[in-house]
Every structure is written in structure tokens, then in C-alpha cells.
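Summary of the model geometry
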Amino acid sequence: MKFVTNSVSRRQKTVHRRITVSASNGAKHLVAVVGAGPAGIYAAQTLANAGVEVLLFNQDIKPGGLAEYGIYHDKHKMKEGLRRQFREILAAPNIHYFGNIVVGQQGDLTLEDLRTLGCQAILVTVGAQGTKWLGLEGEQLRGVYHAKDIVYHYNRLPPFSERDYYIGQHVAIVGVGNVMMDIAHWLIRDVKVAEVVAVARRGPAEGKFTKKEILPVICHIDHDVLDAEIQRVSPAMQAVDQDPAAARQFILSAADKGIRPTSNTRFRFEFLASPSRMVGDSTGTVCGLEVEDTRLVAANGDTKARGLGTKRVIEADTVIFCIGDKVDDSFGLPTEWGEFAKNAAPRFPMEGNSYEAFDPAAGKPIEDVFVAGWSRKASDGLVGVARKDGTLGAQALLRYLAAQPVLDVADLDGRLAQVQMRLSGLGKPVIGKPAWQQLEATKQTKTRQLGLKEFKYASNQEMLAAIGAV
């Protein structure tokens, strides 16, 4: 069986890109996995190992997701190690990869389309593609961004790689986790701005970054400035039994292992500061971040920040929010608290978690749809966490499939033929495994020719041109 995956005009000739997709011998189930990041790829592996025929749909041309476009851009060894794993997984004959396909309410295919095409269950692993904002005045100003957009930009994910992001000399980053450290890393070592300020609603004891992630920027911390800031917030920390000296020690514990500076950027913290609005100038560009001073209060073994009513403005000509992500509300599944709604009383729980999509309006689970990775719990962990969650989501789905009819070869071939017909009628390039493998080969050749550690195409159009798909 052959799939015609696109038919486009090129110099008045019709170019057909074909992907050979055959059902393996024996009876099977047919499942769609939507999203080819770590959660989706490892889920596809689990399903394929159980004998399921897997259709793996990805909105990007290349698979990888977070592993390809979320890890800091110069971690080449880590990324290549993951790519090798992905290549081995996707080589399975019962995993059929389709890149450049958007699944969603406004996409190339909807969830209902996947059912109509014969998929017996759907596992959604599209990550957290929505953008979480605080709803503050001035978020629309030039120079105000969400961290995800910046991370995608410096990792050269189209179309973010093609956009112009204005970065000034004084940058305020809201948040104190590992993503903040990655953004600070880029601003300090690549962009070389004058100052980076990490703004935190709570105190220095609540930093969520690791010692490893602070290494590239730790040499840019002025110890005297840090000491003054910790002294300023010490009374608030001591009021909830926090140790200012221990917090300082943690922040500077890796100072002797810090990476040698490549710029004169100053990196500092502003603690107990909750953003209240962005201040703009006459050109519509941000020129300051207004914050409300906060205090710490104990709450169920944790601490919370409470506003004091006093406000001040931190000089900033760029503001980047590192406050997590949410799922895409328009995907086609009900959402709650920035995540796809899940069955609170799961039929197939895994390690105490629910992987089953839920319809709150109907008050019942969506029978054949499961969620995993950041689609289940937004912004939770990196590749290792996504791998485990994708695997568990696939195992939950397999328990559901146990009660579904097994397809004989003729039935499975008929369903695959429906997929072939639908994809061939989209009028756009659909990237299957052979085309993706060709793209990887041309990328590796470019990397060697240019003497780079890694070459990346700047746009989807360039990638499609490289494999003759446009």
C-alpha cells in the first residue's frame, strides 16, 4: 500500500511525495498519537512494542518537540543522543510518522476526523502550546514576551526563528526557575545585554533553578549586590523561619565552577516583587516593570506571597515572563486550569494518575481519548519526565484497547487506505519517515560543509526545499 502524502504544483508540474506504509502481518489495533515530542515518541514505542499500529502526527516537520526545540541550543551532545534514540524508535515498521500535519479544531485533521478514519483510540501529547499570561496592563507593548517564544526563537523553530524580537539592554525576567536561567544564559552569553534582573514574587529560598543551570551566569552575579538584596528581604524570610544565609549559600554554591564570562552583563535578583503592570514609552515600547512589594506567609507547609500595596518600577526595556505554559484552548478538548480536563475517577489509573480526557459539561470521560506529557500536566519536568509520562499514558491506553475489537489485516488495510486518501487531499507536503530521514542527511551534510557544531534550517520553506517538497 502506498500513501500519496502531498500533491503540489511546481513549475506547472505535479510533484507527488510518497510514503510506503504497510500493515504488519496479523491482527492489530489502530491508534493515533498526536504530537511527536518525547512523550509522544516514547508512547508510540510502547504501543508499537505491544503490536499496535501507530499513526504519529506532528505539527512540526521534524520530530523531537521539547528535545529538539526546548533544550538550550548549545547542548549538542545531549540533543544528538536523543535524536539517535528517536531514530531507532521511529524505525519500527508499525510506527508511521506524518510531519507538517496540524491536528486540532482549526487544523488539517480534527479528533473526530481521526475517529472517522478508523483510529480506535487517540493519545494526545501535543505539549502545552498555549501561552500563559497574567493579564497585566502593558503585556501588548513592544519588548514584552513569553519565555516559550524566546526559547523557540534561539532554538530556531519555525516560524519563531523567522520573527524579530526586540531585546533592549536592561531585561527583566519574571520567574526564578530553570527556564529563567536558560533565558538569562542566552541574554548574557549570546546577546550580551547590559543587565538582567530576575524578578521573584517570593524570596531567595524559593528559587526553582538547579546548580547546573546557574553555572553559565553565576560569574555575572555581583556578590555585594546579592548580599544587599538578601539583607533587605531577611526580615520577611525570618518571619516564616527561612534562613537567609542558607539561601545565599545555595545561590552561590557553584561559584567556583562557574563558566568563564563572555560579556560584562550584570545579573541580579529582585525578590518579594510581584509584577503589577508594564510601563510603556511614547513609542509603545516597554520601559519599566512596575512591581508590588510582597511579604511571605506560611501556608500548609509552604510559603505564599502577599501584596503590601506599595509599588515601585524596575527599569526594563524588555520583559520576559517565565511563568509556565498552558495547553491550547482551541485544540478540541475541554480544559481546566491550563490543562486538558482529566477524569478524576480514572478507569485505567497509572501510578495514581489519570490519563483519560474528560468532558466536564457531560460529566463523563471522553471514551477513546487519553493525554500524556505536558498535555496532561503543563510545564512539568523535561525529557525524562516526558518519557515516563508518555509511557504511562500509552500503558493506560493499552488497558482500554484490551476491550476493543481486534482488526484483521483487510480491515486494517482499509482504514490505512482512508488515511492515505485524506492526507493526499490536503494539498500540502506531508513529511513521512523517508522524507524526514532525507532531511536529517542533508542537515548533517550542511553541518560538515559549514564547519558548525549544528546546522538548522531557518524556516519550514527551507526544509521543504531541501528535500524537494516545494
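Relevant structure appears above.
These numbers were taken from a predicted model, which means no experiment stands behind them.

1. Let's talk about the nonpolar core
As a rule of thumb, nonpolar side chains are buried together in soluble globular proteins. Core analysis: the largest hydrophobic core is formed by 48 residues, its most contacted members being Met180, Ile183, Leu187, Phe267 and Phe269. Listing elements by their share of this core, those giving two or more residues are helix H5 (147–154), strand E9 (170–174), helix H6 (178–191), strand E10 (195–199), helix H8 (223–238), helix H9 (244–252) and strand E11 (266–270). For this core, the element with the most residues is H6, which contributes 7 residues. Leaving out residues up to four positions away in the same chain, Ile183 has contacts with Ala147, Ile150, Val151, Tyr154, Ile173, Ile320 and Cys322.

2. Some thoughts on the sheet that holds strand E4 (residues 53–58)
Pairing is mixed across the open sheet formed by 6 strands, whose spatial order is E5-E4-E3-E6-E20-E19. The open sheet terminates on both sides in strands that have one partner only, identified here as strand E5 (95–99) and strand E19 (356–359). Shown here is a sheet whose adjacent strand axes are inclined to one another by a mean of 30°, direction ignored. Summarising the sheet, strand E3 (residues 30–34) and strand E6 (residues 121–124) pair through 4 bridges and their orientation is parallel. Considered in E6, the bridge of Val33 is made with Leu123.

3. Some points on the sheet that holds strand E15 (residues 318–321)
In space, the 5 strands of this open sheet follow the order E8-E15-E9-E10-E11, with parallel pairing throughout. Bordering the open sheet on either side are strand E8 (144–146) and E11, each of which pairs with just one other strand. Recorded for the sheet is a direction-independent mean angle of 20° between the axes of neighbouring strands. Where E10 meets E11, 5 bridges bridge the pair, whose relative direction is parallel. By the bridge assignment for E11, Ala198 is matched with Phe269. Across the sheet, H6 lies against E9, E10, E11 and E15, angled at about 150° from E11, the strand it touches most.

4. Examining the pairing of E5
The element E5 is largely enclosed, with a buried count of 5 among its 5 residues. Burial of E5 is two-sided: the residues Ile95, Tyr97 and Gly99 facing one way and the residues His96 and Phe98 facing the other way are all buried. When E4 meets E5, the two strands line up parallel, connected through 5 bridges. When the sheet's bridge partners are listed, Val54 is paired in E5 with Ile95.

Cut-offs applied
Residues numbered from 1 in each chain as written. Predicted model: local features only at pLDDT ≥ 70, side-chain atom pairs only at ≥ 80, totals over all residues. Heavy atoms only, no water. Core = buried A, V, L, I, M, F, W, Y, C linked by side-chain atoms within 4.5 Å. Buried < 20%, exposed > 50% of the residue type's maximum accessible area, 1.4 Å probe, protein only. Helix = DSSP H or I, 4+ residues; strand = E, 2+ residues; numbered from the N terminus. Contact = heavy atoms within 4.5 Å. Pairing = 2+ DSSP bridges. Axes fitted to C-alpha atoms, helices over the stretch in contact; angles between N-to-C directions.

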